[in-house]
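Summary of structural features
Below, each chain spelled out in residue letters.
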Amino acid sequence: MSKYLWIDCDPGVDDAATILLAHQSQKFQPIGISTVAGNATHRHTFDNARRLVHLIPADTPVYPGAEKPLIRELTTAPYVHGVDSLGGIQLPASESEKTTESKKAWDALYEALCRYGDDLEVLAIGPLTNIAIALAKYPDFAQRLKRLIIMGGAAKGGNYTPAAEFNIYVDPEAAEKVFMSGIPIFMFGLDVTLQSYLTEEDLDALENQSSPQAKFMVDCLQLSKEFAKTKNLKGVPLHDVCTLLYLEKPKLFSFKKAWVRVETGGEITRGKTVTDLYSDKQMEPKNTQVALVVRREDFAQLFLEMMNRYSKGSLCKHIYI
Ligand code: RIB
Ligand code: CA
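A few points on the structure. This is a predicted model, so every value here is computed, not measured. (Residues numbered from 1 in each chain as written. Chains lettered and ligands numbered in written order. Predicted model: local features only at pLDDT ≥ 70, side-chain atom pairs only at ≥ 80, totals over all residues. Heavy atoms only, no water.)

Applying the stated rule across the entire model yields 13 aromatic pairs. Here tryptophan 6 and tyrosine 63 contribute two aromatic rings whose centre-to-centre distance is 5.6 Å and whose plane-to-plane angle is 10°, an arrangement assigned as stacked. With tryptophan 6 in strand β1 (residues 3-9) and tyrosine 63 in strand β3 (residues 62-63), this residue pair connects regions lying 57 residues apart in the sequence. Overall, the relative accessible area of 1% leaves tryptophan 6 in the buried class. Measuring from ring centre to ring centre gives 5.0 Å for phenylalanine 188 and phenylalanine 253, while their planes differ by 80°; the resulting arrangement is edge-to-face. Of the two residues, phenylalanine 188 is situated in strand β6 (residues 185-188) and phenylalanine 253 in strand β9 (residues 253-258); the sequence distance between them amounts to 65 residues. With respect to burial, phenylalanine 188 and phenylalanine 253 carry one shared label: buried. Ring-pair connections join several aromatic residues into one group, and the members of that group are Phe186, Phe188, Tyr246, Phe253, Phe255 and Phe299. Over the ring of phenylalanine 186 we find arginine 147, and its NZ or CZ is 4.8 Å from the ring centre. In this structure, arginine 270 packs its charged tip against the face of tyrosine 169, placed 3.9 Å from the ring centre. (Phe/Tyr/Trp six-rings, centres within 6.5 Å; stacked < 30°, edge-to-face > 60°. Helix = DSSP H or I, 4+ residues; strand = E, 2+ residues; numbered from the N terminus. Buried < 20%, exposed > 50% of the residue type's maximum accessible area, 1.4 Å probe, protein only. Lys NZ or Arg CZ within 6 Å of the ring centre and 35° of its normal.)

Let us now look at the pattern of salt bridges. Two side chains with opposite charge may pair up if their charged atoms get near one another. Throughout the structure, instances matching the rule amount to 16 salt bridges. The residue aspartate 202 makes a salt bridge to arginine 296 at a minimum N-O spacing of 3.0 Å. Taken together, the positions of aspartate 202 in helix α10 (residues 200-207) and arginine 296 in helix α13 (residues 296-313) put the pair 94 residues apart, joining distant regions of the chain. Just as aspartate 202 is buried, arginine 296 falls in that class too. Each of Glu121, Lys146 and Arg147 takes part in one network of salt bridges that share partners. (Salt bridge = Lys/Arg side-chain N within 4 Å of Asp/Glu carboxyl O.)

Strand order in the open sheet formed by 8 strands is β3-β2-β1-β4-β5-β6-β12-β9, with mixed pairing between adjacent strands. Among the strands making up the open sheet, the edge pair consists of β3 and β9. Two strands pair when backbone bridges link them, and strand β2 (residues 28-35) and β3 are joined in this way by 2 bridges, in the parallel orientation. If you follow serine 34 over to β3, its bridge partner there is tyrosine 63. Packed onto the sheet, helix α2 (residues 42-55) meets β2 and β3 and runs at close to 155° relative to β2. (Pairing = 2+ DSSP bridges. Contact = heavy atoms within 4.5 Å. Axes fitted to C-alpha atoms, helices over the stretch in contact; angles between N-to-C directions.)

Attention now goes to the site of ligand 1. Close contacts around ligand 1 come from 13 residues, with Asp14, Asn159, Glu165, Asn167 and Asp240 the closest. Aspartate 10 has a polar side-chain atom sitting 3.1 Å from an oxygen atom of ligand 1. The contact in question runs from an oxygen atom of ligand 1 to an N or O atom on the side chain of asparagine 159, over 2.8 Å. Calculation on ligand 1 without its partners gives an accessible area of 280 Å², and the protein chains cover 96% of this total. Taken together, the elements giving at least two residues each to the shell around ligand 1 come down to α1 (13-22) and α7 (166-170). The residue inventory of the shell around ligand 1, partitioned by class, reads 3 nonpolar, 5 polar and 5 charged. (Near = heavy atom within 4 Å. Polar contact = N/O pair within 3.5 Å; in protein donor to acceptor, adjacent residues only side chain to side chain. Areas by Shrake-Rupley, 256 points an atom, 1.4 Å probe, with all protein chains shown as cover. Nonpolar A, V, L, I, M, F, W, Y, C, P; charged D, E, K, R; others polar.)

So, on to the nonpolar core. By size, the foremost hydrophobic cluster in this structure holds 60 residues, and its most contacted members are Phe216, Met217 and Phe303. Take this core: its biggest share by element is 8 residues, from α13. By size, the runner-up hydrophobic cluster in this structure holds 42 residues, among which are Ile131, Ala134, Ile185 and Val262. (Core = buried A, V, L, I, M, F, W, Y, C linked by side-chain atoms within 4.5 Å.)

Here we come to the packing of helix α12 (residues 241-248) against α13. Contact geometry of α12 with α13 gives a least axis separation of 11 Å together with a crossing angle of 85°. Relative to α13, the element α12 lies roughly perpendicular. Here Val241, Cys242, Leu244, Leu245 and Glu248 of α12 lie close against α13, whose contacting residues are Phe299, Leu302, Phe303 and Met306. Class assignment for the residues of the contact of α12 with α13 results in 8 nonpolar, no polar and 1 charged. (Parallel < 35°, antiparallel > 145°, perpendicular 65-115°, else oblique.)

The following block contains the structure:
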């Protein structure tokens, strides 16, 4: 394993898929998961992350993070992920729930960054509150992090409002600090994540896999599938999964460099990621690679192939039923 992986997340159905896939990577070793409030309250996102690690099973440590945005009240998304934020699916509690990691997300992430340096890839697939706190607490955090790969924002459009994507909407102040930090950002926004969906045929193929992890994934995606139908989407978008599959197979995606800032003052435009991609007015610095195109069929095929690795050697000590 040449690289190490950190996932900051708010599980969350697509976060859950990202965590399961990450533990089947043949390129990266997950060495830490940190949770943040977003899709659901932090109590749910933290418990969900630990129960997902238990389902794999793995011993990846899960570190608790922010229970609310930097200054705003918390906004959650039960209509997409369910109240408990795993599509209404109850995973068996993990033994680790009796013990709570004492270390906070931002402290653990900084320590990992100091230890692994450029060998550490960091995915941030929820609101960016934990990353912003790490930036504020550790002055050299930005210099140490070679890049940050995020699911968030959109050069065009929004999903929580017409102007904003959910992760950025929840904590726009945190996102603005991240985009202003100087860290090179790889931004997987709605421009590409809405194209990165599973069709009914893909879901059928997942259902034909024999592992408890695949069965959990099928069940967990049902609510998102129904929600996607109400939006007349062609399938179930796996927003967060784009970040991981990019690491696994970079050529799945194509990017354009852009200047990106986040609207924090507006009411209608709260959380909009403003880019210069489509404007005559070009800006500097262009420190963000914005993903715009995905090879969807290859994306879905890689998702299914990596999930199928659980069928071939599932070490799951208990059967998800
Ligand atoms: O807008 C999609 C994003 O919001 C994804 O990260 C999903 O998990 C939710 O957090
Ligand atoms: Ca998420």
